[in-house]
Amino acid sequence: MVPLWYFTPNLDRWYWAGGTGVLSAVELYGLFAITQPDNLCVTNAGYVANQASNGLIIGSIYALTAVGLTLIYSVQGIVSFAHGQSYMIGGYASYYFLQLFTDLNPIVGVPVAGLVTMLIGFAFERLFLRPMHLGRIERAGEYAILITFGFGFFLQYTALAIVGPFSQKTDTYLESGSLHLGPLNLIPNRLVAAAVGMVLIGILLYFINHTWTGKALRAVSMDKQAAAVTGINPLTMNTLAFGIGTMLAGMSGAALIPVFTWVPWVGMLASTRSYVIIVLGGLGSIPGALAGGLIIGLVEALGAGCYPDPSRGAAYKTAFGLILFALTLLLRPTGLFGRES
Amino acid sequence: MKHRIDSRWIAVAVLVTLLVLTPLYLKRSPYQMAVLTGAFFYAILASSWALLAGIAGQFSFAHMAFVGIGAYTAGLLGRDLGTTPLVGILAGTLMAGLVGLIIGLLCLRLKAAYLALFTIAFSEILRIVIVTEFEFTEGSNGLQLSKLWEGVTGTQEYYVTLALLLGSMALMYWLAGSRFGLFVRSMREDEEAASAMGVNVVRYKVMIFVITSLIVGLAGSVFYHQVGIITPNTMEILQMSMVIAMAVIGGMESLLGAAIGAFLSRFGLEMLREINILGFHLELGAWRYAAFGLLLIFTLRFAQNGLLYPIIDRLFKRRAREETVAKRVQETEVES
């Protein structure tokens, strides 16, 4: 704790922030080990490794959802409060598509869901966000919060009206139960989901860094006017960014529906988690969202696994991330990789 | 000019009289009385959110959390210490105010989207804690609250809530019209400019948080004493989005607009639960909320001041504003 306090004023480099974070995590763990000597997390290293690996696996798919949100923020400068609902819609798009066929691997649903949510994102952006960027709306910042929030509200209840308050689930990716790797006990189904997440993030990074359109997106996120001067249309890029962001949310939903059961309000938790991740990683930073996703996965898994009372630990899973989030907002609002605004 | 001021007071008086007399018509229908009472409660929530977000520009999503804090404090005191509801309500109100103070202090540096995210996190943490610590709070089963007093009737509850609504509206209008209102408005427009002009931004930001959380804490603890039970679902973000939608549709920058908007939408949503037309029976269920969401985004896009704005504007401000605009035009003509 002492170094954390000591370094707080100059947490201006990510490695300082990260290093201090790791250090304080280690110290917290030490404190935890002293107060709870009988806890499984102290006595059994294999258990810890197992929890951690499962956390990282699930974290990589959290990262995919959050990357979409952070992409929207970096280009448009707004936080989409409808992101969790896009995730939920993506899951259902995949579900209903798979219902049309028999014996189709759920992985096929991912691009379909991506297409559906991307079109929704494009339509919403053109109709409701473009007027804001054209300066037709007073108090753009407030409008952006409310309009995305309202859109999420609409999607939420539309899904509830169509689907009903019942839980649904597609087939799993793979049949087999679990995969033993030394002390690690991995669930192949989740591994596939995580692999989907990682592949999609890889494609996105390639797209952003090596194609003209991706470079144009980054240019707009750095400086709208300068980008416009070089012949990039910021409005098109805004639409594109919003569409891709929603698409990523939808695809992560489709990737997770074979793993979790799906109810219309599943998006609430996903959106809260995405906010946590992007703020932790720094709003608008893609590597930040990636790191944040993994950290949150880790924190949730270890927090749930190590909390002295196991049933409560599971219930508090989300709260651990949220506390980390509140602390980030208060101590270092730019997050790990954030740009100074 | 004088004639106009009179007409606005007449409008308010007519409205209040109507609300006071309504129970005479509805005496036989406890269900409709309860719906109206609930609508008053939402009107308090929406108008206080309009004060916080619309007038002071602080986009907090923790309004329902303060309702929960008020109601849970009152309920837990009543259950464990056997206090009377009045004491519980006082304690709940103060507790909400205290937490509002803390949140206000913590949120000083946060702006717009960051503030929204922080308050979402706060209310979610609170909700999760209440669900999880079920040995103390009864968790998702909900905490029972005693009635306001022995043998309280629906009509009495109606008047209690109406009095709360009128009282809080009067307080908020007084605040919004005072120097305080001017200062928070200036803060919303441009915080740096406001503080450069000598507005103590820190103080007013915290004050607006404390005042609105006191109001909703009071409303929450009273209302849930009438309902008899509070569950953690009250503090869900979806409930909060309901309040926000009501305030926006009614008009976020007008306290009266938000209150009437909330009242009408709450009443309308409840009445549309199922409709019978020409023998057709329609269960609208979640569709009415979906339509409500659609109404919300179209209101935001095409009538940013809310759907009630034209009416309120006509009643209250139009003449005055036209006059100033006309004057301004004259002045510029003279200058040029």
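This is a predicted model, so every value here is computed, not measured.

What counts and what doesn't
Residues numbered from 1 in each chain as written. Chains lettered and ligands numbered in written order. Predicted model: local features only at pLDDT ≥ 70, side-chain atom pairs only at ≥ 80, totals over all residues. pLDDT = per-residue confidence, 0-100. Contact = placed C-beta atoms within 7 Å. Helix = DSSP H or I, 4+ residues; strand = E, 2+ residues; numbered from the N terminus. Nonpolar A, V, L, I, M, F, W, Y, C, P; charged D, E, K, R; others polar. Core = buried A, V, L, I, M, F, W, Y, C linked by C-beta atoms within 7 Å. Buried ≥ 20, exposed ≤ 12 C-beta atoms within 10 Å, placed from the backbone. Axes fitted to C-alpha atoms, helices over the stretch in contact; angles between N-to-C directions. Parallel < 35°, antiparallel > 145°, perpendicular 65-115°, else oblique. Left-handed = near helix turned anticlockwise from the far one by under 90°.

Novice: Before we go on, may I ask you to explain the confidence of the model for chain B in this structure?
Specialist: Close inspection of predicted coordinates is inappropriate in any region flagged by low pLDDT. This prediction gives chain B a mean pLDDT of 82; 90% of its residues lie at or above 70. Interface confidence for the predicted complex, expressed as ipTM, amounts to 0.84; the pTM equals 0.85.

Novice: In this structure, what is going on with the interface of chain A and chain B? I would like to understand it.
Specialist: One frequent convention defines the size of an interface as the accessible area lost when the parts assemble. Across the contact, 35 residues belong to chain A and 35 residues belong to chain B. Only helix H7 (140–163), helix H12 (266–281), helix H14 (310–315) and helix H15 (317–331) of chain A provide two or more residues apiece to the side of chain A that touches chain B. Ranked by residues supplied to the side of chain A that touches chain B, first place goes to H7(A) with 15 residues. When the residues that make up the side of chain A that touches chain B are grouped by side-chain class, the tally is 27 nonpolar, five polar and three charged.

Novice: How should I be thinking about the nonpolar core in this particular structure?
Specialist: In globular proteins that are soluble, nonpolar side chains generally tend to be buried together. Among the nonpolar cores identified, the biggest contains 201 residues, and Ala63(A), Leu45(B), Ala46(B), Val243(B) and Ala247(B) are the most heavily contacted of them. Ranked by the residues each element gives to this core, the list is headed by helix H2 (residues 30–55) of chain B, at 15 residues. Ignoring any residue separated from it by four or fewer positions in sequence, one finds Leu45(B) in contact with His63(B), Val67(B), Val216(B), Ala219(B), Val243(B) and Ala262(B).

Novice: Is there a simple way to think about the environment of Ala11(B) in this case?
Specialist: Along the polypeptide, Ala11(B) turns up in helix H1 (residues 2–26). The sequence separation of Ala11(B) and Gly82(B) amounts to 71 residues, and the corresponding C-alpha distance is 44 Å.

Novice: Can you walk me through the packing of helix H11 (residues 237–250) of chain B against helix H12 (residues 255–271) of chain B in this structure?
Specialist: For any two helices packed against each other, one specifies the inter-axial angle together with the distance between the axes. All names here are of chain B. Where H11 contacts H12, the two axes come as close as 7 Å, and the packing angle between them is 120°. As far as their axial angle goes, H12 and H11 are oblique. Here H11 and H12 pass one another in a crossing that is right-handed. Residues Met246, Ala247, Ile249 and Gly250 of H11 form the contact with H12, whose participating residues are Gly257, Ala258, Ala259, Ile260, Gly261, Ala262, Ser265 and Arg266. Considering only residue class, the contact of H11 with H12 consists of seven nonpolar, four polar and one charged.

Novice: Hey, could you run me through the environment of Arg185(B) in this one?
Specialist: All names here are of chain B. Mapped onto the fold, Arg185 is located in helix H8 (residues 179–189). Judged by the 16 C-beta atoms lying within 10 Å of it, Arg185 is partly exposed. Between the alpha carbons of Arg185 and Leu51 there is a distance of 9.8 Å; along the sequence they are 134 residues apart.

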